[in-house]
Amino acid sequence: MIRVTLADGTAELIEREIEPRRPGETLYDFMLRSAHETTLEARALRALLDAHVASLRAERASVVRRRRAMLVGQSLIAGMVASVLIRPDTIGDACIIAMPVAVLTTGASLVLSFFMPVLDQGFIRMARRWRR
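What comes next is a walk through the structure. (Residues numbered from 1 in each chain as written. Predicted model: local features only at pLDDT ≥ 70, side-chain atom pairs only at ≥ 80, totals over all residues. Heavy atoms only, no water.)

### Regarding the overall build of the chain
Here comes step 1: Helix and strand counts for the chain stand at three helices and two strands.
Here comes step 2: Across the 132 residues that make up the chain, the buried fraction comes to 11%.
Here comes step 3: Nonlocal contacts in the chain, meaning residues at least 24 apart in sequence, comprise 34% of its contacts between residues at least 6 apart.
Here comes step 4: For the chain, the computed accessible surface area is about 11,000 Å², with 65% contributed by carbon and sulfur atoms. (Helix = DSSP H or I, 4+ residues; strand = E, 2+ residues; numbered from the N terminus. Buried < 20%, exposed > 50% of the residue type's maximum accessible area, 1.4 Å probe, protein only. Contact = heavy atoms within 4.5 Å. Areas by Shrake-Rupley, 256 points an atom, 1.4 Å probe, with all protein chains shown as cover.)

### A short note on the environment of Leu-110
Here comes step 1: With respect to the helices, strands and loops of the structure, Leu-110 is situated in helix H3 (residues 94-131).
Here comes step 2: A sequence separation of 34 residues divides Leu-110 from Leu-76, and the C-alpha atoms of the two residues are 7.2 Å apart.

### Digging into a nonpolar patch on the surface
Here comes step 1: Side chains of Leu-110, Val-111, Leu-112, Phe-114, Phe-115, Val-118, Leu-119, Phe-123, Met-126 and Trp-130 sit close together on the surface and give an oily, nonpolar patch of about 1,000 Å² of accessible area.
Here comes step 2: In this structure, Val-111 sits in helix H3. (Patch = residues over 30% accessible without salt bridge, like charges linked within 9 Å, V, L, I, M, F, W, Y side chains within 5 Å. Salt bridge = Lys/Arg side-chain N within 4 Å of Asp/Glu carboxyl O.)

### Some words on the pattern of salt bridges
Here comes step 1: Counted by the stated rule, this structure contains five salt bridges.
Here comes step 2: In this structure, the salt-bridge partner of Arg-33 is Glu-25, at a minimum N-O distance of 3.0 Å.
Here comes step 3: A residue is classified by how much of its surface remains accessible, and Arg-33, at 13% relative accessible area, is buried.
Here comes step 4: With a closest N to O distance of 3.4 Å, Glu-37 and Arg-33 form a salt bridge. Of this pair, Glu-37 and Arg-33 both sit in helix H1 (residues 27-85), four residues apart, which is roughly one turn of that helix.
Here comes step 5: The partly exposed category is assigned to Glu-37, whose relative accessible area is 26%.
Here comes step 6: Salt bridges sharing partners connect three or more residues here, namely Glu-19, Arg-22, Glu-25, Arg-33 and Glu-37.

Shown next as structure tokens:
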């Protein structure tokens with residue numbers, strides 16, 4: 001029996017029915033056929049495991065991309081709101097400081113949105129180096 005743990009945490013037992021020896025089949029041929037069938041089943045389980053791991057990696061990468069996109073979007077919205085709320089005719093000298101901050105926030109969010117894949121790869125490399 002082979003025990004397989006599924007994505008939801010449950011486990012299943014896969015029971016392999018061994019086909020009996022065929023008439024006229026030698027013991028050696030039976031053992032070869034049985035080993036070949038077992039190898040095929042192991043390969044199928046390995047392929048299933050690889051597909052499951054790839055699915056989990058894609059899901060994790062999607063979550064990371066979504067979170068970063070939300071961060072960039074929030075900073076862009078903050079810059080836009082700040083630039084709309086800060087008007088030179090109502091605030092006066094405070095606009096000299098606040099307006100460049102709003103423009104820099106908007107610009108930084110746009111730069112982050114363009115260079116996010118490069119930054120992702122850089123963060124991954126740094127994390128790998130720190131783990132060593």
